[in-house]
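Observations on chain architecture
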Amino acid sequence: MSTLPQEERIKVLMCCLGPETHNRGIITVSSMLREAGVEVVYLGNASPEEAVRAAMEEDVQVVGVSSLSGAHLCLGKALMDLARKHGMERQVTFLMGGVIPPKDIPVLKEMGFGEIYPSGSTREEIVGCIRKAAQCQCEQ
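The structure presented is a predicted model; accordingly, all values stated were derived computationally and were not measured.

1. Description of the sheet that holds strand β3 (residues 62-67)
- Strand order across the open sheet formed by five strands is β2-β1-β3-β4-β5, with parallel pairing between neighbours. The open sheet has two edge strands with one neighbour each: β2 (39-46) and β5 (115-118). Each adjacent strand pair in this sheet contributes to an overall mean axis angle of 20 degrees, direction not counted.
- Of the strand pairs in this sheet, strand β1 (residues 11-17) and β3 are connected by five bridges, and their pairing is parallel. Residue Leu 13 lies in a different strand from β3, and its bridge partner there is Val 63.
- Against the sheet, helix α1 (residues 24-35) contacts β1, β2 and β3, and its axis sits at roughly 170 degrees relative to β2.
- Running over the sheet, helix α2 (residues 48-58) touches β1, β2 and β3 and is turned about 160 degrees from β2.

So, in structure tokens, the structure goes:
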């Protein structure tokens, strides 16, 4: 997969919301994004407050959140509420991946997540969405 020229560099914050103990998925996704030329800020486990603060400090275009513990609705809502409070929802695209029941996907999108990536999502889907999200942010 080709990398992007420096002037087109996409910057993404990756984190696990809450006390996740399984991080293999987010590390794998972070690695594949780096291989695709995306600049990744890996935060690890973070509270919604820490994730929003880091996203603002790092001036990222995309925030990718991993959730495996089942707290995706509660923590996702807290994250998106904080993003709205800080006026980030139009400047930053928020994505979530992990063990997400299909019935929760529309709920998360209604909260403000741009896309949801349940287990089995492909590299092409994830990288393509991040590139598209970053392009939309650049056009604003």
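Picking up where we left off.
2. Some remarks on the pairing of β2
- By the bridge criterion, seven bridges tie β1 to β2 in an arrangement that is parallel. Residue Val 12 lies in a different strand from β2, and its bridge partner there is Val 40.
- What joins β1 to β2 is α1, and the crossover it makes is right-handed.

3. Some remarks on the packing of α2 against helix α3 (residues 72-85)
- Running from amino to carboxyl end, α2 crosses α3 at an angle of 40 degrees, the nearest separation of the two axes being 9 Å. Relative to α3, the element α2 is oriented oblique. For the pair α2 and α3, the crossing hand works out as right-handed. Contacts between α2 and α3 involve Pro 48, Glu 49, Ala 51 and Val 52 on the former and, on the latter, Leu 75, Ala 78, Leu 79, Leu 82 and Ala 83.
- Residues of the contact of α2 with α3, tallied by class, amount to eight nonpolar, no polar and one charged.

4. Here's the deal with unusual backbone geometry
- Of note, the phi angle at Asp 59 is positive, near 55 degrees, even though the residue is not glycine.
- Turning to its location among the elements, Asp 59 is positioned in the loop between α2 and β3.

5. Points about the environment of Pro 101
- If you trace the backbone, Pro 101 turns up in the loop between β4 (93-98) and α4 (105-111).
- Overall, the relative accessible area of 29% leaves Pro 101 in the partly exposed class.
- For Pro 101 and Glu 125, which are 24 residues apart along the polypeptide, the C-alpha to C-alpha distance reads 18 Å.

6. Quick look at the pattern of salt bridges
- Applying the stated rule across the entire model yields six salt bridges.
- The salt bridge involving Lys 11 is made with Glu 58; its shortest N-O contact spans 3.1 Å. Here Lys 11, found in strand β1, pairs with Glu 58, found in helix α2; they are 47 residues apart in sequence, far enough to count as distant.
- Overall, Lys 11 belongs to the buried group, its relative accessible area being 18%.
- Looking at Glu 58, the relative accessible area reads 31%, which means it is partly exposed.
- With a shortest N-O distance of 2.7 Å, Asp 81 and Lys 77 are connected by a salt bridge. In this pair, Asp 81 and Lys 77 both sit in helix α3, four residues apart, roughly one turn of the helix.
- By relative accessible area, Asp 81 is classed as partly exposed at 32%.
- Its relative accessible area of 43% is what places Lys 77 among the partly exposed residues.
- Here the residues in one salt-bridge network are Lys 77, Asp 81 and Arg 84, joined through shared partners.

Cut-offs and rules
- Residues numbered from 1 in each chain as written.
- Predicted model: local features only at pLDDT ≥ 70, side-chain atom pairs only at ≥ 80, totals over all residues.
- Heavy atoms only, no water.
- Pairing = 2+ DSSP bridges.
- Helix = DSSP H or I, 4+ residues; strand = E, 2+ residues; numbered from the N terminus.
- Axes fitted to C-alpha atoms, helices over the stretch in contact; angles between N-to-C directions.
- Contact = heavy atoms within 4.5 Å.
- Right-handed = clockwise from strand over helix to strand, strands pointing away.
- Parallel < 35°, antiparallel > 145°, perpendicular 65-115°, else oblique.
- Left-handed = near helix turned anticlockwise from the far one by under 90°.
- Nonpolar A, V, L, I, M, F, W, Y, C, P; charged D, E, K, R; others polar.
- Buried < 20%, exposed > 50% of the residue type's maximum accessible area, 1.4 Å probe, protein only.
- Salt bridge = Lys/Arg side-chain N within 4 Å of Asp/Glu carboxyl O.

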